[in-house]
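What follows is each chain in one-letter form.
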Amino acid sequence: MRSRFNINNYSNLGQRAITAVIGAFIVVGGSIYSDWTYFLIFGVILAFSQMEFYKLSGLDGMLPLKSFGTVLGLMIFTLTFMIEKERLSHEYLYLIFPLVSLTFFIKLYKKTDKKPFTGVAFTYLGIFYVAVPFSLLNLAVFSVGAEYHYEILIGCLLILWASDTGAYFAGTKFGKTKLFERVSPKKSWEGFLGGAFSAIAVAFLISQYFHVLADWKWLVISGIIIIAGTYGDLIESLFKRSIEIKDSGNGLPGHGGFMDRFDGLLLSAPFITAFLKIF
């Protein structure tokens with residue numbers, strides 16, 4: 001009898017490892033292949049992440065414009081990519097303002113919506129919390145010489161993944177001192193330190209191979225990811241805790257949803273982009 005692969009037959013750690021390997025292959029391979037495959041892959045990730053956010057907001061009684069908000073997020077992502085790629089001029093950024101203002105017009109005609117401004121607020125929050133950080137990645141990967149450098153993205157992702165993995169195993173093995181028990185009871189200072197050590201070690205290794213950035217910049221980026229990535233994880237935990245759920249979704253076996261996997265990147269991306277643009 002032919003056996004069929006079913007990821008649900010594996011333990012949580014097994015599912016986590018399989019999903020991580022497949023996901024890393026797609027993201028890393030696509031980002032290296034070309035700027036257009038990077039654009040496609042992260043556009044899909046953005047769309048799934050933003051839809052997850054709106055779905056969770058709906059569980060808490062909010063009524064954001066799910067489809068429209070996600071389309072706006074994708075349009076902002078596309079505009080920033082095309083501008084950084086020099087296919088469009090910077091003046092096209094002004095299109096963002098009338099586009100997001102359409103949210104008010106749409107809500108005006110929603111007769112059954114008892115709290116329209118709450119819906120508007122959460123529609124905007126989905127854009128700023130999810131779409132804007134992903135869009136800022138476009139500025140980061142084109143930050144050196146106005147050319148696409150996959151090394152910047154891959155380096156940041158490897159550092160982030162090293163931080164998450166180090167924190168997971170160190171916290172599981174040695175975790176005793178609670179980091180932020182009110183928000184995330186399982187997170188510990190031991191896990192945080194394990195993640196920090198792993199992130200710095202990987203940043204040092206990356207600096208030896210990816211010379212698109214100076215060595216010290218990779219170490220600064222690792223510091224940003226260690227701190228902002230941890231806060232990103234805590235903030236998403238706070239969001240999920242407020243609506244009493246464990247995972248943002250089930251799209252990534254062993255990891256939960258897309259927001260569970262990329263929460264650290266959402267808060268790290270603005271700081272990394274600002275650092276690369278200023279320095």
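How each quantity is defined
Residues numbered from 1 in each chain as written. Predicted model: local features only at pLDDT ≥ 70, side-chain atom pairs only at ≥ 80, totals over all residues. Heavy atoms only, no water. Helix = DSSP H or I, 4+ residues; strand = E, 2+ residues; numbered from the N terminus. Rg over C-alpha atoms; globule rule 2.2 N^0.38 Å. Buried < 20%, exposed > 50% of the residue type's maximum accessible area, 1.4 Å probe, protein only. Contact = heavy atoms within 4.5 Å. Pairing = 2+ DSSP bridges. Lys, Arg positive; Asp, Glu negative; His and termini not counted. Salt bridge = Lys/Arg side-chain N within 4 Å of Asp/Glu carboxyl O. UniProt positions renumbered as here; feature names shortened; annotations may be inferred. Axes fitted to C-alpha atoms, helices over the stretch in contact; angles between N-to-C directions. Parallel < 35°, antiparallel > 145°, perpendicular 65-115°, else oblique. Left-handed = near helix turned anticlockwise from the far one by under 90°.

A few points about the overall build of the protein
Then step 1. For the protein, the count of helices and strands is 9 helices and 2 strands.
Then step 2. Reading the protein from its N terminus to its C terminus gives the helix and strand order α-α-α-α-α-α-β-β-α-α-α.
Then step 3. For 279 residues, the compact-globule estimate of 2.2 N^0.38 gives 19 Å, and the protein sits close to it at 19 Å.
Then step 4. With respect to the three principal axes, the spread of C-alpha positions in the protein is 55 × 50 × 45 Å.
Then step 5. Of all 279 residues assigned to the protein, the portion counted as buried reaches 48%.
Then step 6. Once local pairs closer than 6 in sequence are excluded, the contacts in the protein between residues at least 24 apart make up 69%.

Some details on the pairing of strand 2 (residues 184-188)
Then step 1. When strand 1 (residues 178-180) meets strand 2, the two strands line up antiparallel, connected through 2 bridges. Residue pairing across strands places Phe180 opposite Ser184, the latter belonging to strand 2.
Then step 2. Between strand 1 and strand 2, which follow one another and run antiparallel, lie 3 residues.

Description of the environment of Ile26
Then step 1. Residue position: Ile26 is located in helix 1 (residues 12-33).
Then step 2. Given a relative accessible area of 46%, Ile26 falls into the partly exposed group.
Then step 3. Along the primary structure Ile26 and Thr37 are separated by 11 residues, whereas in three dimensions their C-alpha atoms are 9.9 Å apart.

Some points on the side chain of Glu151
Then step 1. Its place among the elements puts Glu151 in helix 6 (residues 150-174).
Then step 2. This buried residue, Glu151, is left without a salt bridge; Lys85 holds the nearest opposite charge, at 14 Å.
Then step 3. Setting aside anything within four residues of it in sequence, one finds Glu151 in contact with Phe210, Val212 and Trp218.

Some remarks on the UniProt feature "transmembrane region" (unreviewed entry) in the protein
Then step 1. Using the residue numbers shown here, the UniProt feature "transmembrane region" (unreviewed entry) corresponds to residues 65-83, 89-109, 121-142, 148-170, 191-210 and 216-235.
Then step 2. Span residues 148-170 is 91% helix and 0% strand, its end C-alpha atoms 35 Å apart.
Then step 3. Here residues 216-235 runs as 100% helix and 0% strand, with 28 Å between its end C-alpha atoms.

Quick word on the packing of helix 3 (residues 66-84) against helix 5 (residues 116-141)
Then step 1. Where helix 3 meets helix 5, the axes come as close as 9 Å, and the angle between the chain directions of the two elements is 20°. On the basis of their axis angle, the class for helix 3 and helix 5 is roughly parallel. In the crossing of helix 3 with helix 5, the sense of the turn from one axis to the other is right-handed. On helix 5, the residues that touch Gly69, Leu72, Gly73, Ile76, Phe77, Thr80, Phe81 and Glu84 of helix 3 are Thr123, Ile127, Ala131, Phe134, Ser135, Asn138 and Leu139.

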